[in-house]
Protein chains: 2
Amino acid sequence: MPRQLYELCGVDERLVFSPYCWRVKMALKHKGLDFETVPWHFQDKDALAFSGQEPSEARKVPVFVDEDGTVVTDSMAIIRYLDRIYPARPLLGDEFAAARLEFIRHWSEAVLSPAVLKIILGDLFATLDPADQPYFRRTREAHLGISLEAFQDAEAGHAALDRALVPLRRCLAHSPYLDGEAPAAADYVAFGVFMWARVVARQPLLAKDDLVDQWTERLLACFGGFAAKSPRAIDILR
Amino acid sequence: MPRQLYELCGVDERLVFSPYCWRVKMALKHKGLDFETVPWHFQDKDALAFSGQEPSEARKVPVFVDEDGTVVTDSMAIIRYLDRIYPARPLLGDEFAAARLEFIRHWSEAVLSPAVLKIILGDLFATLDPADQPYFRRTREAHLGISLEAFQDAEAGHAALDRALVPLRRCLAHSPYLDGEAPAAADYVAFGVFMWARVVARQPLLAKDDLVDQWTERLLACFGGFAAKSPRAIDILR
C-alpha cells in the first residue's frame, strides 16, 4: 500500500497548514519517500481510531502509515521512526544531535509558535473548516486561558516574533541552515511554524531582508519546490 | 608546561565568574584535562597580546594555552579544539549536533544572559575589581544603549528569565541533561550563565523546585563538585 500521512486540512482540503504535519512532510521528502495525504479535520476523531491514540479527544495528526502498515503517531516519533527504518539521508544525527533537537523543538513550540499565533490567529481561524471552528475555539481557549479574540494581537505578536527570532538569525548569519550546509530535522521542525503562517496568513510574516525569510525561501525551494507549491488561503479563499 | 586558562576574575582573584570561561572549564574537566587558571582583569589587555587578538580592545578571555604552547581564543573555538586534539569523551558530537549547539549557544547569549544580567547586574558590578569598573560600564553601556542603572531591573529580569527558561525546562522534564543522560557541550554552554549568577549574586536565581535549578545542582556536583567549590562573592566579599 502507498505510504499515507493523515494531515489536518482547512475548509478547502488543499489547504494543509499544521506545523507538526509540515515537519513530517519535509522529513519524508528529505528521505526521498513517496506518500499520499489523507485529509483530516478536527472533528474526524473516529477516523484516527486505528492509530491507537486514546481517549478519542487525544487523537491528533500527523499519523503516518508506512507501506507495510506500520502506524506511527506524533511528529517527533515519526521522524525518529524514519531515521530508524530508512537510515540513508539522516535527519536526527547522533545522540547529542537528537538531544539538542529537542531544545529546538521546544523552542519552536513554546516560543516561536505562540508569537506567530498571535499574528495569524484570525487568518488561521478563517481557514478552518467551519465544522472545526467550535472544537478549535474550545481547545485553544482552554489552553491559552483567554478568548481567541483577546489573544490575537498582531502588533504584540510581531514584537514577540522579532525577539524570538534572535537566536535563529544569529545561526543563519553563519550558516545557510540550522543544521549546517544542508537542511535536516532542526530546519524542518522550525520551518513547520513558518509554513503554518504561509498557508493561512493574508500578510507576509517577515520582511524580505530578514535572514529568516531568506532561509524559509531556501526551504520552500527544496525538493523541487515542494513546500512552495502548497496552496495558500490567499490564493484559494475569498 | 601546564595547560593554562586565562580567566576573568573579580576584586578577589578567587572570584571567577565569566560565563564564557565556565563553558571552557567544564569542557576541560569533561575531558579530564588538568589546567591552571591565570587570573586576568579587563584592564590587562597587554597580558593577552600573545594571543593574537587585535586590536588590543578586542582581547578577551578565555584564552587557552595547551601544554605544547598552542594558543586558542574564543570559548566555542576552544571547545572545538579540545574535541579535535582530545577526541575521547566528545563534547560536540556529529555535524548536526555541532550545528544545533550553535542555536543553544546563541539562545544562551541572546536570550538567557540578558535576562540574568537584568537580575545580577548590581552584584556583578560590585564583584568586579574597582579598576575594571569604568571599562565594564563604558563597554556594557555602549552595548546596551542605556546606563547600567537603567538596565538593571530584578523584577523584569525574573519575568524574562521565567519566560526564557521554558524550552530548557521542557527538555529537562524528559532528560537529566540538555545533552541526554550525561552532560556535554550544550549543558556547559548554558550552565556558564548560571555559574556567572552563582558566583556574583546575593540572592538565589531560581526556586529550589525549578527543574533548571535541579539541573544546575547536578552540574555543580560533576567532576567531584568542581563548580560547587568555586568561591562565591557572598562568601568572600562583605
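Anything mentioned here points back to the structure above.
Residues numbered from 1 in each chain as written. Chains lettered and ligands numbered in written order. Predicted model: local features only at pLDDT ≥ 70, side-chain atom pairs only at ≥ 80, totals over all residues. Heavy atoms only, no water.

Enquirer: Any details on the sheet that holds strand 1 (residues 4-8) of chain A? Residues and values, ideally.
Expert: All names here are of chain A. Taken together, the 4 strands give an open sheet; going across it, the order is 2-1-3-4, and neighbouring strands pair in mixed fashion. Either end of the sheet is taken by a strand with one partner, and the two such strands are strand 2 (36-40) and strand 4 (71-73). The mean angle between the axes of side-by-side strands here comes to 25 degrees, regardless of whether they run parallel or antiparallel. Here 3 bridges tie strand 1 to strand 3 (residues 63-65), and the two strands are oriented antiparallel to one another. If you follow leucine 5 over to strand 3, its bridge partner there is phenylalanine 64. Together, strand 1 and strand 3 form the strand contacts of helix 1 (residues 19-31), whose direction differs from that of strand 1 by roughly 150 degrees. Strand contacts of helix 2 (residues 75-85): strand 3 and strand 4, with the helix running at about 135 degrees to strand 4, the strand carrying the most contacts. (Pairing = 2+ DSSP bridges. Helix = DSSP H or I, 4+ residues; strand = E, 2+ residues; numbered from the N terminus. Axes fitted to C-alpha atoms, helices over the stretch in contact; angles between N-to-C directions. Contact = heavy atoms within 4.5 Å.)

Enquirer: Before we move on, could you go through the packing of helix 8 (residues 185-200) of chain A against helix 9 (residues 211-225) of chain A and cite the residues and values that matter?
Expert: All names here are of chain A. Between helix 8 and helix 9, the shortest axis-to-axis distance is 11 Å and the interhelical angle comes to 95 degrees. Taken as axis vectors, helix 8 and helix 9 run roughly perpendicular relative to one another. Along the contact surface, helix 8 presents Asp187, Tyr188, Ala190, Phe191, Phe194, Met195 and Arg198, while helix 9 presents Val212, Trp215, Thr216, Leu219, Leu220 and Phe223. Taken together, the residues of the contact of helix 8 with helix 9 break down into 10 nonpolar, 1 polar and 2 charged. (Parallel < 35°, antiparallel > 145°, perpendicular 65-115°, else oblique. Nonpolar A, V, L, I, M, F, W, Y, C, P; charged D, E, K, R; others polar.)

Enquirer: Which residues make up the sheet that holds strand 3 (residues 63-65) of chain B, and what values go with them?
Expert: Residues and elements named next belong to chain B. Overall, mixed pairing links the 4 strands, which are arranged 2-1-3-4 in an open sheet. The outermost strands of the open sheet, each flanked by one partner alone, are strand 2 (36-40) and strand 4 (71-73). This sheet shows a mean twist of 25 degrees between the axes of neighbouring strands, independent of strand direction. Here 3 bridges tie strand 3 to strand 4, and the two strands are oriented antiparallel to one another. By the bridge assignment, valine 65 is partnered in strand 4 with valine 71. Against the sheet, helix 2 (residues 75-85) makes contact with strand 3 and strand 4, and its axis sits at roughly 135 degrees relative to strand 4, the strand it touches most.

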